[in-house]
Amino acid sequence: PLHPRAEAHGKVIVLGEHAVVYGYPAVAAGLPQGIVLEARPRPDPRLPITLTVPAWDLDLELHAGSDHPVARACLEVLAHCDGPVTGWAIHGTSALPSRAGLGSSAALTVALARLVFGPDAGVDDVVAASLAGERVFHGEPSGLDSRVAAQGGVLRYVRGEPPRSINPGAPLPLCIIPSGIPRSTADQVARCRSRLEHLPSVVRPVLIAIGQAVESGIHAIEHGDLDTLGVLFDVAHGLLGALDVSSPALDRMAADARAAGARGAKLTGAGCGGCLLALAGDAPDRLTAAFPSLRPLFVEVAAS
Ligand code: PMV
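A short tour of the structure in this document, coming up. (Residues numbered from 1 in each chain as written. Predicted model: local features only at pLDDT ≥ 70, side-chain atom pairs only at ≥ 80, totals over all residues. Heavy atoms only, no water.)

**Section: the environment of A6**
Mapped onto the secondary structure, A6 falls in strand β1 (residues 5-15). In this structure the C-alpha to C-alpha distance between A6 and A111, which are 105 residues apart in sequence, comes to 5.4 Å. Excluding residues within four positions of it along the chain, A6 makes contact with I35, V36, L37, A111, R114 and L115. (Helix = DSSP H or I, 4+ residues; strand = E, 2+ residues; numbered from the N terminus. Contact = heavy atoms within 4.5 Å.)

Next up, the structure:
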């Protein structure tokens, strides 16, 4: 049987995207805007499990023959159930846009794992079950999204190492502004790689500088030094542009965010679409009001 209710966080990469692919560190933060799943028994326990998440246009039956990637991912997670996996209607509510680099798939698979294991499950078990689903979407996922979805807070991450929690000295006032432009993470990783291969002696130092921005950013986060963190956002955005992963639309949004009082602004995630991440100044309302049609998310991230 499934538990009646479970939730999980969304995620945003604060600093370090792209360089993290080459072994440099990154910092990510959990977003309270993740997903809440509720499970109710269907009238006949032999009926397939249904999953509806109206915010993400999902309305699926989870059965072995399905070729929908979300259905296949969910079945991988539900395979961790002891009993048969039929007879439930699962409904999800989310304030997170899907396919925008905000960890929606990890949030879904983590919350689903919690429906299976219950509220007292350990984070490691939940992450392992979520990863079984994430592999359907991402091949060999780094595991960062699932970890952040399960535990929230701020994490430092290096490929192949266990993530480390960071304790913010002051809550981070983050404003996440969806560009509404779709992007492919695989294409963006390939753009960066092609620039690195073309001009290694120039581009390798850019990756190193991003790694340094992460270490300085962690120091600033731990000491509540938001002004320095804002400058590091601006520097990181410029470095990501040098890696060929920004776009005119994201560059304009970053300039608009700074003009509206942000301490700093950068693309987050794969780039060329997805979201802009701004560090709010003293008047976050003015910042969110500068992007009325894009429905910015505002969050103050503290320790988990
Ligand atoms: O936008 P997202 O969440 O898919 O972020 C991709 C982050 C990259 O560093 C560009 C790729 C990766 O695998 O770390």
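**Concerning the site of the ligand**
The local shell around the ligand consists of K11, I13, E17, H18, V20, V21, G101, R183, T185, V189, G269 and A270. In the environment of the ligand, an oxygen atom lies 2.8 Å from a nitrogen or oxygen atom belonging to the side chain of K11. Residue T185 places a side-chain N or O atom 2.7 Å away from an oxygen atom belonging to the ligand. Protein contacts shield 78% of the accessible area of the ligand, which totals 380 Å² for the unbound molecule. Elements supplying a minimum of two residues to the shell around the ligand: β1 and α5 (185-198). Tallied by class, residues from the shell around the ligand come to 5 nonpolar, 4 polar and 3 charged. (Near = heavy atom within 4 Å. Polar contact = N/O pair within 3.5 Å; in protein donor to acceptor, adjacent residues only side chain to side chain. Areas by Shrake-Rupley, 256 points an atom, 1.4 Å probe, with all protein chains shown as cover. Nonpolar A, V, L, I, M, F, W, Y, C, P; charged D, E, K, R; others polar.)

By themselves these figures say nothing about function.
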